[in-house]
Amino acid sequence: MQAIYSYQAPDDLLKDRVILVTGAGDGIGRAAALGYAAKGATVILLGRTISKLEAVYDEIEALGKAEPAIYPLNFEGAQWQDYQDMADRLYEAFGRLDGVLHNAGILGQITPLQGYNPELWKQVMQINFNGPTMMLQALIALLQQSEDASVILTSSSVGRKGRAFWGAYACSKFALEGLSQVMADELQNISNIRVNTLNPGATRTQMRAKAYPAENPESLPAPEAILPAYFYLMGPDSKGVTGQQFDAQAPKKA
Ligand code: NDP
């Protein structure tokens, strides 16, 4: 099988699909939103900073692609009812969802467990895991309206093997891996919804620069360079693939 990091997506891969991207205003989420729109999708741009979402909206409009939508939401404060309202509003506007890329996240502290601020720990778990879980619970009914729906949960290498000092961030990514497996197993035989996790690998973004301040950002791929895996998992070529873990970049040669 062709490696997903060298997958070549046709121009109309996502034609007529409605796809929600969380954290669409910056970094990898911004690149994925633009990439999905370029491949024909109607993209719902979800995030907490409206000015950033508006800038992405304008970029998609400038491409002459399907008009996107903006959905402002902060995972930190949103409650169960907010996600129910979100599902209602998306149902009214689109009637279904063909895909969700859950990409939003924060880093928290990189510090020994003993000194980890417990309030920050809760904040990281809320933004990276609890909020997105409630969102997905609310959106399952909309995904069930699609003939071919894909959910991608953004993981990390530290969400698959724990590493010292990565604290709540690592634990939140392990939790997303668990959610992906539970969802995939539950939905496998009763719906057209597939659920997988994707580890972007080291990518040139603000989060990466915060985690590794001494690293030269130019040594890393830009978000646009890692999109093939995001296309493969969102488009019809991954139909039937569910409950699996993927990497967006080839393993580094020793
Ligand atoms: P960025 O920090 O560049 O982007 C994160 C996005 O998430 C931003 O759009 C941000 O919005 C949004 N976000 C943060 N908090 C909230 C919130 N409370 N509510 C809604 N949206 C929020 O990070 P990356 O692009 O680097 O990371 C994207 C994903 O990839 C993350 O899940 C990260 O863990 C994962 N990842 C990244 C790696 C890398 O090397 N870059 C490596 C492994 C995994 P705003 O801009 O408004 O703050």
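Going by the structure above, here's the rest.
Since the model is a prediction, treat every value here as computed from it, not as a measurement.

## Notes on the pattern of salt bridges
Line of reasoning, step 1. Taken as a whole and assessed by the stated rule, the structure comprises 12 salt bridges.
Line of reasoning, step 2. Note that Glu224 and Arg30 form a salt bridge whose closest N and O atoms lie 3.7 Å from each other. Taken as a pair, Glu224 in the loop between α6 (206-211) and α7 (227-234) and Arg30 in helix α1 (residues 27-38) lie far apart in primary sequence, 194 residues in all.
Line of reasoning, step 3. A relative accessible area of 24% places Arg30 in the partly exposed class.
Line of reasoning, step 4. The closest approach of N and O atoms between Arg208 and Glu215, which form a salt bridge, is 2.8 Å.
Line of reasoning, step 5. The class for Glu215 is partly exposed, based on a relative accessible area of 25%.
Line of reasoning, step 6. Three or more residues joined by partner-sharing salt bridges are found here, namely Arg17, Asp148 and Arg194.

## Examining the side chain of Arg17
Line of reasoning, step 1. In this structure, Arg17 sits in the segment before β1 (18-22).
Line of reasoning, step 2. A distance of 3.0 Å separates a polar atom in the side chain of Arg17 from a polar atom in the side chain of Asp148.
Line of reasoning, step 3. Excluding residues within four positions of it along the chain, Arg17 makes contact with Ala41, Thr42, Arg96, Asp98, Asp148, Met234, Gly235 and Pro236.

## Quick look at the packing of α1 against helix α2 (residues 50-63)
Line of reasoning, step 1. Axis separation between α1 and α2 bottoms out at 10 Å; the angle between their running directions is 25 degrees. Judged on the interaxial angle alone, α2 and α1 are roughly parallel. For α1 against α2, the interelement crossing comes out right-handed. In this structure, α1 uses Arg30, Ala33, Leu34, Ala37 and Ala38 to contact α2, whose residues at the interface are Val56, Glu59, Ile60 and Leu63.
Line of reasoning, step 2. Here the residues of the contact of α1 with α2 sort into 7 nonpolar, no polar and 2 charged.

## Here's the deal with the environment of Ser157
Line of reasoning, step 1. Following the sequence through the fold, Ser157 ends up in the loop between β5 (149-154) and α5 (167-187).
Line of reasoning, step 2. Sequence spacing of Ser157 and Leu198 is 41 residues, and the spatial spacing of their C-alpha atoms is 9.7 Å.
Line of reasoning, step 3. Excluding anything up to four places from it in sequence, Ser157 contacts Arg163 and Asn199.
Line of reasoning, step 4. Of note is the side chain of Ser157, whose polar atom sits 3.1 Å from the side chain of Arg163.

## Brief notes about the nonpolar core
Line of reasoning, step 1. In terms of nonpolar packing, the biggest core is built from 41 residues, with Leu20, Tyr83, Met86, Leu97, Met135 and Leu139 touching the most fellow members.
Line of reasoning, step 2. Of all the secondary structure elements, the ones that give two or more residues to this core are β1, β2 (42-47), α3 (80-94), α4 (118-143), β5, α5 and β6 (193-199).
Line of reasoning, step 3. Top contributing element to this core by residue count: α4, with 12 residues.
Line of reasoning, step 4. Leu139 has contacts with Leu20, Met86, Ala87, Leu90, Leu97 and Val100, leaving out every residue within four places of it along the chain.
Line of reasoning, step 5. By size, the runner-up hydrophobic cluster in this structure holds 36 residues, among which are Tyr7, Ala33, Phe231 and Ala248.

Conventions adopted
- Residues numbered from 1 in each chain as written.
- Predicted model: local features only at pLDDT ≥ 70, side-chain atom pairs only at ≥ 80, totals over all residues.
- Heavy atoms only, no water.
- Salt bridge = Lys/Arg side-chain N within 4 Å of Asp/Glu carboxyl O.
- Helix = DSSP H or I, 4+ residues; strand = E, 2+ residues; numbered from the N terminus.
- Buried < 20%, exposed > 50% of the residue type's maximum accessible area, 1.4 Å probe, protein only.
- Polar contact = N/O pair within 3.5 Å; in protein donor to acceptor, adjacent residues only side chain to side chain.
- Contact = heavy atoms within 4.5 Å.
- Axes fitted to C-alpha atoms, helices over the stretch in contact; angles between N-to-C directions.
- Parallel < 35°, antiparallel > 145°, perpendicular 65-115°, else oblique.
- Left-handed = near helix turned anticlockwise from the far one by under 90°.
- Nonpolar A, V, L, I, M, F, W, Y, C, P; charged D, E, K, R; others polar.
- Core = buried A, V, L, I, M, F, W, Y, C linked by side-chain atoms within 4.5 Å.

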